[in-house]
Amino acid sequence: MIEIKDLDYSPFPDKPRRIMKYVLVYCTAGKLNVQADHTVFNLKPGDVITITSGQVHSIQPAPKAKGFVLEFTLDFFCKDDKDIELIFHNGLFCHFAMNEVIPVDKDIMETQLALIREELQEQPYQYLISVHSRVALILVSINRAKVQRGDEIWKPEALFLRFLEAVRDNFEHNYTLAQFAKLLGTTEAKLNELAKLHAGKTAQNVIYGLVTSEAKRMLTYGDLSVKEVAYKLGFNDPFYFSNFFKKQTQISPKLYKEQFAG
C-alpha cells in the first residue's frame, strides 16, 4: 500500500522498472539522475519529482547522493474525490507524462518524509491515517511551490481523473468511449466536455494518447514483439495497430522499437 525507502541504506532502483504505484523521489544530498520513460531529470538537494503509476523509471545516483523514495498505491491514498483531485492537482502524478523537477520547502519535505518513515516502522495506533495526512501535506507543499514560482494551476475534476485511470486499467480490452462512459456511470458527452476542458482534446484523443504512451513503454522496455504488443493493447489485427501507432507518432512501431529498445 505504502512504502518509503531511505536511499542512504536501500539500493537505488537503478534498472528501468515499472510498478503500479505512485512514486515520489526527493533528493536530500548530492545529485540524482531520475529517468521517467525516455526523459532524464537532474535533481539536486531540495528537489522532488513525481512519477505516475505505470511509468517506467530508474534512478542513477552520483557519489554521496542521499534521498527518499516514497511509493504508494492509488487505493491507499484516494479515499474520496478530494484525494483523487489532490494527487493529480497541477499534474503531479498525471498520466500525460508531465514529469518535472520541483524545488520545494526542505523543512516540510524532510520532516514529513522522516515522520512517515518513523510511523511505518513503529506502526502506532491509527498510523495509516496519520501517514495519509502527511502524504497530503507533502502534495500540498509541492503544489504551493509550483504556484509560488508562477505555474498555471491545473485542477481537473475527479471524474476526468477516474476516466484516465479506467483507460490505463483496461488497455487490453480496447474499450470504446461509450464503454468507458458506461463503466464510469456517465455519458460520452460529459467525458468529451471534461477532456476538452482539462486536456484540450476530445475524450477519444485522450484514449489514443494514453494507448500510444503505453505502446511506447512496451516497445522500449519489454521483450515483446510488435505483434505481441498489439495483442496486449487489445488490437486484434497487428497491421491495424501498426497503422494506428504510425498515425500517432509518425514512425512505425518496428522502427520505434529498433531505435529505442535497449
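On a predicted model such as this, the values are computed, not experimentally measured, just so you know.

Moving on, we get to the sheet that holds strand E2 (residues 17–18). In space, the four strands of this open sheet follow the order E2-E7-E4-E5, with antiparallel pairing throughout. Both outer strands of the open sheet, E2 and strand E5 (39–43), are each paired with one neighbouring strand and no more. Relative to E5, strand E4 (residues 32–36) runs antiparallel, the two sharing five bridges. By the bridge assignment for E5, Asn 33 is matched with Asn 42.

What follows concerns the environment of Ile 116. Its place among the elements puts Ile 116 in helix H3 (residues 106–122). Judged by its relative accessible area of 0%, Ile 116 is buried. Residues Ile 116 and Ser 130, spaced 14 residues apart in sequence, show a C-alpha to C-alpha distance of 8.3 Å. Discounting residues that sit within four places of it in the chain, Ile 116 has contacts with Ile 4, Leu 70, Val 131, Arg 134, Val 135 and Ile 138.

With that settled, consider the environment of His 95. Residue position: His 95 is located in the loop between helix H2 (81–88) and strand E9 (102–103). Separated by 92 residues in the primary sequence, His 95 and Glu 3 have C-alpha atoms spaced 21 Å apart. Excluding anything up to four places from it in sequence, His 95 contacts Tyr 22, Thr 52, Ser 53, Phe 88, Leu 164, Glu 165, Arg 168 and Leu 210. Here Thr 52 takes part through its side chain, which lies 3.2 Å from a polar atom of the side chain of His 95. Side-chain polar atoms of His 95 contact the side chain of Glu 165, separated by 2.7 Å.

The subject of this paragraph is helix H6 (residues 177–184). Turning to H6, its buried residues are Leu 177, Phe 180 and Ala 181. The arc that holds the buried residues of H6, viewed along the axis, is 100 degrees, so those residues lie on one side. Against helix H5 (158–169), helix H7 (188–199) and helix H8 (203–221) lie the buried residues of H6. Positive phi shows up at Gly 185, right after H6, with a value of about 70 degrees.

Before going further, it helps to examine unusual backbone geometry. Notably, Asn 90 is not glycine yet its phi reads approximately 60 degrees, a positive angle. Note that Asn 90 resides in the loop between H2 and E9. Even without a glycine there, the phi angle at Asn 174 is positive, about 50 degrees. Tracing the backbone shows Asn 174 in the loop between H5 and H6. Residue classification places Asn 174 among the partly exposed positions, given a relative accessible area of 37%.

Time to look at the pattern of salt bridges. For the coordinates displayed, the defined rule picks out 16 salt bridges. Close ionic contact of Glu 71 with Lys 5 constitutes a salt bridge, the shortest N to O distance being 3.7 Å. Linking Glu 71 in strand E8 (residues 66–72) with Lys 5 in strand E1 (residues 2–6), this pair joins segments that are 66 residues apart in sequence. Assessed through its relative accessible area of 3%, Glu 71 is described here as buried.

Parameters at a glance
Residues numbered from 1 in each chain as written. Predicted model: local features only at pLDDT ≥ 70, side-chain atom pairs only at ≥ 80, totals over all residues. Heavy atoms only, no water. Pairing = 2+ DSSP bridges. Helix = DSSP H or I, 4+ residues; strand = E, 2+ residues; numbered from the N terminus. Buried < 20%, exposed > 50% of the residue type's maximum accessible area, 1.4 Å probe, protein only. Contact = heavy atoms within 4.5 Å. Polar contact = N/O pair within 3.5 Å; in protein donor to acceptor, adjacent residues only side chain to side chain. Arc of directions from axis to C-beta. Salt bridge = Lys/Arg side-chain N within 4 Å of Asp/Glu carboxyl O.

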